[in-house]
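# Secondary and tertiary structure notes
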Amino acid sequence: MSVRFKMLIATFALAATAPVTSFAYWVPDNTEQGGTEVYDWSNMKSRTQVLQELEEAKADPTWESRQGEATGSWPQDQAASTKTRAQVRQELASMTDEEKAYIESFYTGA
């Protein structure tokens, strides 16, 4: 085998392994765009301190009025209906054609 052929084989081997090894050193550490660096926080509190602050916040009268991200919980919808089955059937039977077409448009992708 000639030196030129050996160099060609070595170049192809290097070119094939370079893309594979380039990902070996990437470690996700939240320093990408939009990430947070939790290891740089200067205010590190213990679990008991955080729980104590949470209890103090829950004792605040405005705690119940806040929803969603402020409290970490979302309001629960009432699943119980006030109508009977017969009332619902009567309501469906008394719908006009326009109302039925409007409701069907939700499901047919009008």
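Residue positions are counted from 1 within each chain, in the order its sequence is given. Reporting in this predicted model follows two pLDDT cut-offs: at least 70 for local features of residues, and 80 or more for side-chain atom pairs to be given and counted; totals over whole chains, interfaces and linings ignore these cut-offs and use all residues. The basis for the side-chain values is all heavy atoms of the structure; hydrogens and waters are excluded.

Moving on, we get to the overall build of the chain. Put simply, DSSP marks the helices as runs of H or I at least four residues long and the strands as runs of E at least two long, and each gets a number from the N terminus on. Looking only at helices and strands, the chain features 4 helices and 0 strands. Along the chain, helices and strands appear, N-terminal first, in the series α-α-α-α. For every residue, the accessible area obtained with a 1.4 Å probe (protein chains only) is divided by the maximum for its type, and the residue is called buried under 20%, exposed over 50%, and partly exposed between those limits. Looking at the 110 residues of the chain, the share that counts as buried comes to 4%. All accessible areas in this document rest on Shrake-Rupley with a 1.4 Å probe, and a residue is counted as covered only by the protein chains that are shown. Total accessible area on the chain is roughly 10,800 Å²; 58% of this is exposed by carbon and sulfur atoms.

To continue, consider the pattern of salt bridges. We count a salt bridge whenever a side-chain nitrogen from Lys or Arg sits within 4 Å of a carboxyl oxygen from Asp or Glu. Tallied over the full model, the rule gives 2 salt bridges. With a closest N to O distance of 2.7 Å, glutamate 53 and lysine 45 form a salt bridge. With relative accessibility at 40%, the residue glutamate 53 sits in the partly exposed group. Judged by its relative accessible area of 38%, lysine 45 falls in the partly exposed class. The partner of lysine 83 in a salt bridge is glutamate 91, and the shortest N-O contact between them spans 2.6 Å. The exposure class of lysine 83 is partly exposed, given its relative accessible area of 40%.

Here a Phe, Tyr or Trp ring, Trp counted by its six-membered ring, pairs with any other such ring whose centre lies within 6.5 Å, and the pair is stacked when the planes are under 30 degrees apart, edge-to-face when over 60, and tilted otherwise. Throughout the structure, instances matching the rule amount to 1 aromatic pair. A ring pair is formed by tyrosine 102 and phenylalanine 106, whose centres lie 5.0 Å apart and whose planes are at 70°; its orientation type is edge-to-face. A residue pair is termed a helical-turn pair when its members lie 3 or 4 positions apart in one helix, as tyrosine 102 and phenylalanine 106 do in helix α4 (residues 97-108) at 4 residues. Of the residues examined, tyrosine 102 reaches a relative accessible area of 54% and is grouped as exposed.

What follows concerns the confidence of the model for the chain. pLDDT: the predictor's confidence for each residue, scored from 0 to 100. Taken residue by residue, the chain gives an average pLDDT of 76. The fraction at 70 or more is 61%. Averaged over each element, pLDDT in the chain is lowest for helix α1 (residues 3-22) (78) and highest for helix α3 (residues 85-93) (92).

A surface patch of nonpolar side chains, amounting to about 570 Å² of accessible area, comprises Met1, Phe5, Leu8, Ile9 and Phe12. Assignment of secondary structure puts phenylalanine 5 in helix α1. Patch membership requires over 30% relative accessible area and the absence of a salt bridge. Like charges are linked within 9 Å, and nonpolar side chains (Val, Leu, Ile, Met, Phe, Trp, Tyr) within 5 Å.

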